[in-house]
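What the coordinates show
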Amino acid sequence: MAEMPNSVSIREVGPRDGLQNEEPIPTEAKVRLLDALSGTGVKRIEAVSFVHPKAIPQMADADEVWQRAAKADGVRYSALVPNTRGAQRALAAGFTEIEVVVSASDTHNRRNVNRSTEESLDDIAELIDLLHGVGAQAEVIVATSFGCPYEGDTDPARVAAIVDRVVRDGADRVAFGDTTGMGTPRRVRELLTAVRDRNAHVPVLLHFHNTRGTALANMLTALELGVTEFDASVGGLGGCPYAPGASGNLATEEAVHMLHDMGVDTGIDLDALIEVAELAEELVGRQLPSGVLRAGPRTRLTPLPG
């Protein structure tokens, strides 16, 4: 077990992964949420995705959202793309940190991008060359890393083999997505062990969903294994539109609340973040699942009657 880290980097994914699983909201509202998050102290934000509007209509205005966003100093913004065409759009918009997704599950990958995992990996190899040719970074996100709603459990060896391939092709970093909340602390440990046995030097980020209530436990396990980079979504927004039942990312304010109480710094102002979670709830027009949003931080006391 590694020593508990003193600080953690959280990438806020509410503006992209969060909103793509909600009913579409106006461009102005998306910009408002993105700019509000930029003022919380979070240092990394996944801002938009450049996908075909017929596939993800919630992201149809990605170019306009990014153009109108304030882009705060000191915040690293990234964009997610499904393929080389999406990467070209992201580069044209000015992004230098770009994420591309491949599913460890062949079935999920076909439902997501209508091609096999191997075909996606071939495209990603070309995409990495494209990005590096213009000085941009490529992060490969392996979806369904802990399990697939169609195929069941994912063998850690399969995920490790995908990492072998993308690292060989030049990926700058990798991330593991618990796409439908099938991860547990045991499976987090097994996956990280399998990957690090073969690629210990590669920067790793974990993306947990709280579909079955295990996200914070999974984060704690990863922390104990030395992982210091995580995705989270304000209010617990988001999920995967291609995976039944996959609603609710790890809520950013729940992660920050736990980490700060453990003495782990995130650089994020929790009170400001809760205010943004309230805004997110207002913008999407439904109650969000975050417990810290509902009850407040543990330091919030209840006044006595009278």
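See the structure above.
Report on the accompanying structure. (Residues numbered from 1 in each chain as written. Predicted model: local features only at pLDDT ≥ 70, side-chain atom pairs only at ≥ 80, totals over all residues. Heavy atoms only, no water.)

Here the focus is the nonpolar core. Ranked by size, the top nonpolar core spans 88 residues in total, and within it L33, F95, F176, L206, M219, F230 and V234 carry the most contacts. The element contributing the most residues to this core is helix α11 (residues 270-284), with nine residues. Setting aside residues up to four positions removed in sequence, M219 forms contacts with F208, F230, L250, A255, M258 and L259. (Core = buried A, V, L, I, M, F, W, Y, C linked by side-chain atoms within 4.5 Å. Buried < 20%, exposed > 50% of the residue type's maximum accessible area, 1.4 Å probe, protein only. Helix = DSSP H or I, 4+ residues; strand = E, 2+ residues; numbered from the N terminus. Contact = heavy atoms within 4.5 Å.)

With that out of the way, let us pick up unusual backbone geometry. Unusually for a residue other than glycine, K71 sits at a positive phi of about 60°. Mapped onto the secondary structure, K71 falls in the loop between α3 (62-68) and β3 (76-81). The phi dihedral of T144 is positive, around 50°, even though this residue is not glycine. With respect to the secondary-structure elements, T144 resides in the loop between β5 (137-143) and β6 (147-148). Classification of T144 as buried rests on a relative accessible area of 0%.

Glancing now at the packing of helix α7 (residues 156-168) against helix α8 (residues 185-196). Interhelical geometry of α7 versus α8 gives an angle of 40° and a closest axis separation of 9 Å. By the angle between their axes, α7 is oblique relative to α8. By crossing handedness, the relation of α7 to α8 is classed as right-handed. When α7 is examined against α8, the residues P156, V159, A160 and V163 are found in contact with a partner set consisting of E190, L191, A194 and V195. By residue class, the composition of the contact of α7 with α8 is seven nonpolar, no polar and one charged. (Axes fitted to C-alpha atoms, helices over the stretch in contact; angles between N-to-C directions. Parallel < 35°, antiparallel > 145°, perpendicular 65-115°, else oblique. Left-handed = near helix turned anticlockwise from the far one by under 90°. Nonpolar A, V, L, I, M, F, W, Y, C, P; charged D, E, K, R; others polar.)

Our focus in this paragraph is the sheet that holds strand β9 (residues 204-207). An order of β1-β2-β3-β4-β5-β8-β9-β10 is seen for the eight strands of this closed barrel, with the pairing classed as parallel. Geometrically, the sheet is characterised by an average inter-axis angle of 30° between neighbouring strands, direction not taken into account. The pairing of strand β1 (residues 9-12) with strand β2 (residues 44-49) spans two bridges and is classified as parallel. Paired with E12 across the strands is I45, a residue of β2. Across the sheet, helix α10 (residues 252-261) lies against β1 and β10 (229-232), angled at about 170° from β1, the strand it touches most. (Pairing = 2+ DSSP bridges.)

Attention now moves to the packing of helix α4 (residues 84-93) against helix α6 (residues 117-133). Two elements in contact, α4 and α6, have axes separated by 10 Å at closest approach and are oriented at 20°. Relative to α6, the element α4 lies roughly parallel. Every pair of crossing elements has a handedness; the one defined by α4 and α6 is right-handed. Every residue of α6 that contacts α4 at T84, A87, Q88 and L91 is listed here: D123, L127, L130 and L131. A breakdown of the residues in the contact of α4 with α6 according to their chemical character gives five nonpolar, two polar and one charged.

Attention now goes to the environment of A69. Position of A69 relative to the elements: it lies in the loop between α3 and β3. Put simply, A69 and E3 are 66 residues apart on the chain and 38 Å apart in space, counted from C-alpha to C-alpha. Setting aside its immediate chain neighbours within four residues, A69 contacts V31, L34 and D35.

This paragraph deals with the side chain of E12. If you trace the backbone, E12 turns up in strand β1. For E12, the side chain forms a polar contact with the main-chain nitrogen of V234, separated by 2.8 Å. With residues near it in sequence (within four places) discarded, E12 still touches L37, V42, R44, I45, E46, A232, S233, V234 and T252. (Polar contact = N/O pair within 3.5 Å; in protein donor to acceptor, adjacent residues only side chain to side chain.)

With that settled, consider the pairing of β9. Along β9, one buried face is formed by V204 and L206 and the opposite face, lined by L205 and H207, is buried too. The pairing of strand β8 (residues 173-177) with β9 spans four bridges and is parallel. By the bridge assignment for β9, A175 is matched with L205. Once you follow β8 into α8 and on to β9, the crossover reads as right-handed. Summarising the sheet, β9 and β10 pair through two bridges and their orientation is parallel. Its bridge partner being in β10, L206 is matched across the sheet by F230. (Right-handed = clockwise from strand over helix to strand, strands pointing away.)

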